[in-house]
Protein chains: 6
Amino acid sequence: MFFHVKELQYRAKPNKPDPVYAKKLQEVLGGQFGEISVMMQYLFQGWNCRAEQKYRDMLLDIGTEEIAHVEMLATMIAQLLDKAPVEEQEEAAKDPIIASAMGGMNPQHAIVNGLGASPNDSTGYPWNARYTIASGNLLADFRANLNAESQGRLQVVRLYEMTDDYGVRDMLSFLIARDTMHQNQWQAAIAELEEKEGIVVPSTFNREYEKSDVSHTFMNCSEGKESEAGRWASGPSMDGKGQFTYEEHPVATGQAPELNPAPGYIHGTPPVK
Amino acid sequence: MFFHVKELQYRAKPNKPDPVYAKKLQEVLGGQFGEISVMMQYLFQGWNCRAEQKYRDMLLDIGTEEIAHVEMLATMIAQLLDKAPVEEQEEAAKDPIIASAMGGMNPQHAIVNGLGASPNDSTGYPWNARYTIASGNLLADFRANLNAESQGRLQVVRLYEMTDDYGVRDMLSFLIARDTMHQNQWQAAIAELEEKEGIVVPSTFNREYEKSDVSHTFMNCSEGKESEAGRWASGPSMDGKGQFTYEEHPVATGQAPELNPAPGYIHGTPPVK
Amino acid sequence: MFFHVKELQYRAKPNKPDPVYAKKLQEVLGGQFGEISVMMQYLFQGWNCRAEQKYRDMLLDIGTEEIAHVEMLATMIAQLLDKAPVEEQEEAAKDPIIASAMGGMNPQHAIVNGLGASPNDSTGYPWNARYTIASGNLLADFRANLNAESQGRLQVVRLYEMTDDYGVRDMLSFLIARDTMHQNQWQAAIAELEEKEGIVVPSTFNREYEKSDVSHTFMNCSEGKESEAGRWASGPSMDGKGQFTYEEHPVATGQAPELNPAPGYIHGTPPVK
Amino acid sequence: MFFHVKELQYRAKPNKPDPVYAKKLQEVLGGQFGEISVMMQYLFQGWNCRAEQKYRDMLLDIGTEEIAHVEMLATMIAQLLDKAPVEEQEEAAKDPIIASAMGGMNPQHAIVNGLGASPNDSTGYPWNARYTIASGNLLADFRANLNAESQGRLQVVRLYEMTDDYGVRDMLSFLIARDTMHQNQWQAAIAELEEKEGIVVPSTFNREYEKSDVSHTFMNCSEGKESEAGRWASGPSMDGKGQFTYEEHPVATGQAPELNPAPGYIHGTPPVK
Amino acid sequence: MFFHVKELQYRAKPNKPDPVYAKKLQEVLGGQFGEISVMMQYLFQGWNCRAEQKYRDMLLDIGTEEIAHVEMLATMIAQLLDKAPVEEQEEAAKDPIIASAMGGMNPQHAIVNGLGASPNDSTGYPWNARYTIASGNLLADFRANLNAESQGRLQVVRLYEMTDDYGVRDMLSFLIARDTMHQNQWQAAIAELEEKEGIVVPSTFNREYEKSDVSHTFMNCSEGKESEAGRWASGPSMDGKGQFTYEEHPVATGQAPELNPAPGYIHGTPPVK
Amino acid sequence: MFFHVKELQYRAKPNKPDPVYAKKLQEVLGGQFGEISVMMQYLFQGWNCRAEQKYRDMLLDIGTEEIAHVEMLATMIAQLLDKAPVEEQEEAAKDPIIASAMGGMNPQHAIVNGLGASPNDSTGYPWNARYTIASGNLLADFRANLNAESQGRLQVVRLYEMTDDYGVRDMLSFLIARDTMHQNQWQAAIAELEEKEGIVVPSTFNREYEKSDVSHTFMNCSEGKESEAGRWASGPSMDGKGQFTYEEHPVATGQAPELNPAPGYIHGTPPVK
């Protein structure tokens, strides 16, 4: 069960409204790597967790914190939209700054949300649940989480560069710091699990059943050998089970497919008589 | 530019048709972590690559290989659908095996695709481009890739457990091995970049501008202290810049928000007089 | 079956083109509460109607009228797009009014629709059928309809404020009046049904089977007691079956969940030995 | 900011697993009127609230409670999926009960989520943010909320009828009771606002600017006059501003539209010479 | 403006209910090539039509007819769902025919729609407006229409094969006949336009501005020369402007791309020093 | 299997960056009729092809070529985004050209993609697999392909008109020429199949089973007889099986539907006693 306190986790007050920036800031609220995504992802991973309690607890800790981040961003966006100009186009267009604000803001912020935040990204595309990753395998999922915090911190940093509003930057500097922690956290959790399980997910599949002759081979399917220069093309493999090799000219070994004609009730292309 | 050869990268022939399994196998073709996703992800990362040529080349190598995996899966699914029974319900329902096949298959495989594969997942939901991650920051993106290969191998392994068709398992054992390699590959590439940049993405943001007092703090937002037992709650942080600390009772430090009333032209809730 | 007459239900002629406004006006054509939504919602409620004929007939009356509203808006948008400037950016950008029009219009209006309306909302997001509500329970659905007409009238009013084009405002004033009627209509229909069934939907579920000790309790899950001031926190409940009570400190009464480990074939996180 | 306690708001334990029912139960977790929808809807309405504090507080109270409902449902679904049979089709199909379970469950529950809940509906379609209604006008939004609780209670009641598992029914009987309260709550809040504002949303638009001659007219666009029997066709209008009238033969009063040809750079259909 | 008559365009009565078939039949109601698609496509093409009145009129004729087809299918589906069994799983599973019906029907038909039709396809995926094609160029759009009627008739024919219910087949035989007419109709309309404009869309683009040396060349990008056997590889081109040629070994003539590094504020991969 | 060469099929270099145009150009990369659509469509049609090898080979030829078009567009877009200005709004707004660029570009190009292309359309809406048509009936699918190339060429031509950048126009002139060829190609392939099968798809359905009395009748559902002027209203039908007739006053011949009440467990509207 959950409880709410009135105060935000950290202050979220812009110096002044900026409806065009409000549109952009939606990305880290309702985008693929916005706060709604990590909130839902950590909560569902926690609720579905069939492993040790320390993982479940940790996931619900961070999932609950992320609800607070969603709250901060929504509050910030509503304030950035304060008194957004939405009057008729012609008059406003005479002042290029207002015109630019009117042309550049998300029209739904006014028409649909009445100057409030929405759970959409910076193009107005709605958040959806296919962004949520919860596989039941924690090592796989913690990699998803590390990625989410990496993409997320990158996007917040880019948004930091796009404004010089002191209040906005203040809040973003808090979110950036939390993303730093969360990248550290998932690295630590991954290290714990990799030490026990090894690095290949899932660790419980019997490696004898895979075609192990191609388990450590880099295939050069694009002309040119620049890719041979990387760590992935030679030396011991990262899982300690073999040596990386570089196949300069990969060869197709499967069949040239021929499919049977469809049965009559499918009404496909009639066969040649 | 691209060229095609007729033979599949590896053989893809089921022992016998199985339209219900065809529906399930769609997950690793057109699902969030299916082959279309990695194909598009690696190709777009390659085409957008503004870094060293060895990365671009490597991305296009693996992206091109993934098109071949899409081809193998599509070919396999079309064969699993051979002669799928789609006649009238009543008669068929008397044979429970056929009835189960008819009830369990994706109706679009017959009605829409005429016994062919489609770029959808195992619930029939269409692949979409929000699955594609290409941020322009390779360390972030390689973490996305490592996650994709982890989720992908996990799903293929689960599908391996769901059939005992020798031909299907043979093909899956190849895909599982390639996923092993690709997890190794992204681990290697990540190691290279982390050595140069450190582990926090993006590495180029000046750490002085983040609220560094919360950059290494775990916040216990869920009652109970099981989460204190993890590596993420104490000891040196993974980025080598501090010590993990555990905040048992996190406190809200922001304002209790109050928003201004909306301007009249928004027609929000009228203010109390 | 349906028949069409050439004339619009009401005139739809702008004074002059305005492609940026055309983009905004799309919201009430193809948005969540646009005319396509109510058209589809009323028609499907009518076609699925298993209740008295007067409801079916009324639903098809209003559903058919809404097709005419879709027609008026599409016609208006096409005219607002007349001769929209889409030439090269650099030259046009010298005239800020044209530049603003070019930057602010929906590019698909030119590229995809050739200066025609489309069934999308003001961000270009396509109308989709999850907006359509038809549950088979008319009291539930009439509440959905009342909401749709409330959100719809609100959006049209906001759009009225965003233009001073006489022709556009003339058409909108007609749509606003119809939304006034339709709010009245659903209020009347709801009153009829509530008188027969009571206010709780569905009325046919035996109230003895619900945990009636929490059927009239407000739970204060957010710190602070401002919410105690409302009508919902004390006095007789609206359904006449009890008294509203205010639970200042709600308590969790369920279990602290622990899930079983997954079976081996799921390849979840391996259990601790 | 938010805090979590380990115990569920109410117990959520099925008597025994039932993976097919787990699929159906997803509807009220991740469907249009599932708990995620009301959670997001109330939280966003609260965060965006520009009206009296008692409304903001009340919205955050109920929004926070709904997170707990999401948690209960996710926990229940994970337990219903315990040991779901996912082995090969042929063997299992010999036991019709297992076969039915395998054919009827959502394949993603096994392949993607490893026997965990997901934020999708009963067809596997992902929850998306277009389900969230937050307009900035509380009377409009409370109508949306009343509808959501009506549709929601109706769906939970239907799901109650579809199982005889005592544990599942126990949990549902709690959710049904809360939906009873929440319908009462929104009725009460609506009554408060309607008393102040009147029943037509938005109340602040000057009624002189609407075409008031059609503000209380029912238009009979579908042949037959059954619709004349309803309260909406005669008597004083619900808003107290007029009399309902019934227009038996509505007439089109607008123009028969003719559009100008497109400019040459649009490359539409060439005009007839 | 539109008017409705109570009678269906053609009778739509099944011999008996069949909820599994109801799910499948949704494909031609709410799928990509279902009746909602053609209804919306023809209406929007008509409303946006800037060409001769005979085309606008014809489009609105057929668009209006399609609303009647949507009505017939919705009515049929509601009847196929009559008394669909949705009780608890265990008891029903003992009767394999009922079990199959319960497992194979769309759960939303009961939970969400109360045994009514919905605007979704046979997998439960909602109809969306990206299915609607209206480009402003009638020759292009009539080709879209011919395709829609071809895919549509194909799907209806497949559904005809999947049932032996006399009433369903009777209605489908009407829809198949109308699709025959509509394929004929679009063929006729295309012939008219091609005679005036030629076959390449759009006809108004100056052919001198295209790289005409590749305007009639077939490029053999897939190994093997089977494709040389087709009409497209030799002989006069269909547009009468050249000869088809077959390029056995197509060559890449563009640059090997190298992109500039991103500016610092993008925080991409740091350049090698 | 597939192989990649470094060089593009044709050169793709803009004269100078133009981030607003980059946004528009996304339409023909990731829109409904963009290059990703035809790439996926032709590849899936090829992989699913159960007809003669010359069709499979031809489909894989053109599908493989389309991957190269995707590559060219992605490369062009990345270059158009070079050094896109994304700094703070206020300063930039003083220069109207920069302001226009900043307001008009897709914010995700900077925030999400770090100045790279993405698989989305010009409104930022993601490409999705419902755009892919592969029915198993080649005549139906070749009509889909002809439509795709018609809509595609039309959109590219419109984009050609929207820029005067020599480099962009150079690349587009190549794509336009290929679309010319591809329209010719599908015309040729269609002619081949129609000669064998006739023009009505599918040709294998026994025409005796359709209601042939309406197979060649045009129904005038929209008032006014302008539509009688077309080729589709009189003369021999295009399939050579009858005469077009014009039904001036079409009549509804079906029943006026009445549905049974829902069973009690559905909790629909209670029947009138």
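Residues numbered from 1 in each chain as written. Chains lettered and ligands numbered in written order. Predicted model: local features only at pLDDT ≥ 70, side-chain atom pairs only at ≥ 80, totals over all residues. Heavy atoms only, no water.

## Thoughts on the relation of the copies chain D and chain C
How we decide: Alignment of the copies relies on least squares applied to C-alpha atoms, considering only residues that score at least 70 for pLDDT in both. Should any heavy atoms of two residues lie within 4.5 Å, those residues are counted as being in contact.
Overlay of chain D on chain C (RMSD 0.0 Å): rotation 180 degrees, translation along the axis 0.0 Å. Both copies are brought into coincidence by an operation consistent with a two-fold rotation axis. A shared interface surface links the copies, since 100% of the contact residues of chain D are contact residues in chain C too.

## Focus on the environment of S227 of chain E
Stated formally: Comment: elements are numbered from the N terminus, with helices defined as DSSP H or I runs of at least four residues and strands as E runs of at least two. Exposure is judged per residue with a 1.4 Å probe applied to protein chains only, and the accessible area is read against the type maximum: over 50% gives exposed, under 20% gives buried, and values in between give partly exposed.
Along the chain, S227 of chain E turns up in the loop between β2 (217-219) and β3 (245-247). Classification of S227 of chain E as buried rests on a relative accessible area of 0%. In this structure the C-alpha to C-alpha distance between S227 of chain E and G114 of chain E, which are 113 residues apart in sequence, comes to 52 Å. Not counting residues up to four positions away in its chain, the partners in contact with S227 of chain E are F218, N220, W232, A233 and Y246 of chain E together with K54, D57, M58 and D61 of chain F.

## Considerations on the relation of the copies chain A and chain B
For the match of chain A to chain B, the screw axis carries a shift of 0.0 Å, the RMSD comes to 0.0 Å, and the turn is 180 degrees. Here 100% of the interface residues in chain A have copies in chain B that are interface residues too; the copies meet face to matching face.

## A closer look at the domain arrangement of chain A
Using the following cut-off: Residue ranges assigned to the domains are those given by an automatic or database domain assignment.
Each assigned domain of chain A is listed here: domain 1 (19-197) and domain 2 (212-222 + 229-247). Each of domain 1 of chain A and domain 2 of chain A has a C-alpha centre, and these two points are 37 Å apart.

## Remarks on the pattern of salt bridges
To keep things clear, this is the line we draw: Take a side-chain nitrogen of Lys or Arg and a carboxyl oxygen of Asp or Glu: if they are within 4 Å of each other, that pair is a salt bridge.
Under the defined criterion, the tally for this structure stands at 84 salt bridges over all chains. Between E210 of chain C and R153 of chain D there is a salt bridge, with the nearest N and O atoms lying 2.6 Å from each other. Taken together, the residues E210 of chain C in the loop between α9 (166-197) and β2 (217-219) and R153 of chain D in helix α8 (residues 138-161) connect one chain to another. One exposure class covers both E210 of chain C and R153 of chain D, and it is buried.

## So, the interface of chain D and chain C
By a widely used convention, the size of an interface equals the accessible area lost when the partners come together. Condition: The term buried area denotes the loss of accessible surface (1.4 Å probe radius) that occurs when two parts are joined, taken as the sum for both partners. Identification of polar contacts relies on pairs of N or O atoms within 3.5 Å, with a donor-acceptor requirement for protein atoms, meaning one able to donate a hydrogen and the other able to accept it, and with residues adjacent in sequence counted only if both atoms are side-chain atoms. Polar here means any residue other than Ala, Val, Leu, Ile, Met, Phe, Trp, Tyr, Cys and Pro, which are nonpolar, and Asp, Glu, Lys and Arg, which are charged; Gly is therefore polar.
The interface of chain D with chain C comprises 115 residues on the first partner and 115 residues on the second. Between chain D and chain C the total buried area reaches about 9,500 Å² when both faces are included, carbon and sulfur atoms providing 60% of it. Of all residues in chain D, R130, W232 and Q255 of chain D bury the most surface against chain C, accounting for 8% of the area lost on that side. Inspection of the chain D/chain C interface yields six salt bridges. For the pair chain D and chain C, the number of links is 72 residue pairs in polar contact (both at pLDDT 80 or more). For the side of chain D that touches chain C, the element with the most residues is helix α9 (residues 166-197) of chain D, which contributes 17 residues. When its residues are assigned to classes, the side of chain D that touches chain C shows 52 nonpolar, 34 polar and 29 charged.

## Focus: helix α3 (residues 35-47) of chain E
Note the cut-off: In this analysis, the expected span of each helix is defined as 1.5 Å times one less than the number of residues it contains.
Under the 1.5 Å per step criterion, the end-to-end length of α3 of chain E is 18 Å for 13 residues, consistent within 8% with the ideal 18 Å. The buried count for α3 of chain E comes to 13 of 13 residues, which makes it a mostly enclosed element.

## Description of the environment of R178 of chain A
Tracing the sequence through the fold places R178 of chain A in helix α9 (residues 166-197). According to the relative accessible area criterion, R178 of chain A is buried, its value standing at 1%. Considered as a pair, R178 of chain A and V20 of chain A are 158 residues apart in the sequence and their alpha carbons are 25 Å apart. Setting aside residues no more than four positions away along its own chain, R178 of chain A makes contact with E65 and H69 of chain A together with V214, T217 and M219 of chain B.

## Some details on the packing of aromatic side chains
Rules: Pairing of aromatic rings covers Phe, Tyr and Trp, the last counted by its six-membered ring, and requires centre-to-centre distances within 6.5 Å; plane angles under 30 degrees mean stacked, over 60 mean edge-to-face, and any other angle means tilted. In our convention, an over-ring charge means Lys NZ or Arg CZ found within 6 Å of a ring centre and within 35 degrees of that ring's normal.
For the structure shown, the criterion picks out 81 aromatic pairs over all chains. When the centroid spacing of 4.5 Å and the interplanar angle of 5 degrees are considered together, the rings of Y10 of chain C and F174 of chain C count as stacked. Of this pair, Y10 of chain C sits in the loop between β1 (2-4) and α1 (19-25) while F174 of chain C is found in helix α9, placing the two residues 164 residues apart along the sequence. Each member of the pair, Y10 of chain C as well as F174 of chain C, carries the same accessibility label: buried. Ring plane angle 15 degrees and centroid distance 6.5 Å describe the contact between Y160 of chain C and Y209 of chain D, whose orientation is recorded as stacked. Remark: Y209 of chain D occurs in the loop between α9 and β2 (217-219) and Y160 of chain C occurs in helix α8 (residues 138-161); the pair is interchain, linking two chains. Ring pairs connect the aromatic residues Y42, Y55, F142 and W186 of chain A together with W232 of chain B, which therefore count as one cluster. Here R130 of chain D stacks its cationic end above the ring of Y125 of chain C, 4.2 Å away from the centre of that ring.

## Looking at the confidence of the model for chain A
Formally: pLDDT: the predictor's confidence for each residue, scored from 0 to 100.
For chain A, the mean per-residue pLDDT works out to 94, and 93% of the residues sit at or above 70. Interface predicted TM-score (ipTM) for the complex: 0.95; the corresponding pTM is 0.96.

## With respect to the side chain of Q45 of chain B
All names here are of chain B. Here Q45 lies in helix α3 (residues 35-47). A polar side-chain atom of Q45 sits 3.0 Å from a polar atom in the side chain of N145. Excluding anything up to four places from it in sequence, Q45 contacts L59, I133, A134, D141, F142 and N145.

## A word on unusual backbone geometry
Only a minority of non-glycine residues have a phi that is not negative, and only a minority of peptide bonds are not trans. In this model, V201 of chain D is joined to P202 of chain D through a cis peptide bond whose omega is -10 degrees. Assignment of secondary structure puts P202 of chain D in the loop between α9 and β2. One non-glycine residue, K83 of chain B, lies in positive phi territory at about 55 degrees. Relative to the helices and strands, K83 of chain B is located in the loop between α4 (53-80) and α5 (89-92). Even without being glycine, L115 of chain B reaches a positive phi, approximately 70 degrees. In this structure, L115 of chain B sits in the loop between α7 (107-111) and α8 (138-161). L115 of chain B gets classed as buried once you look at its relative accessible area, which sits at 0%.

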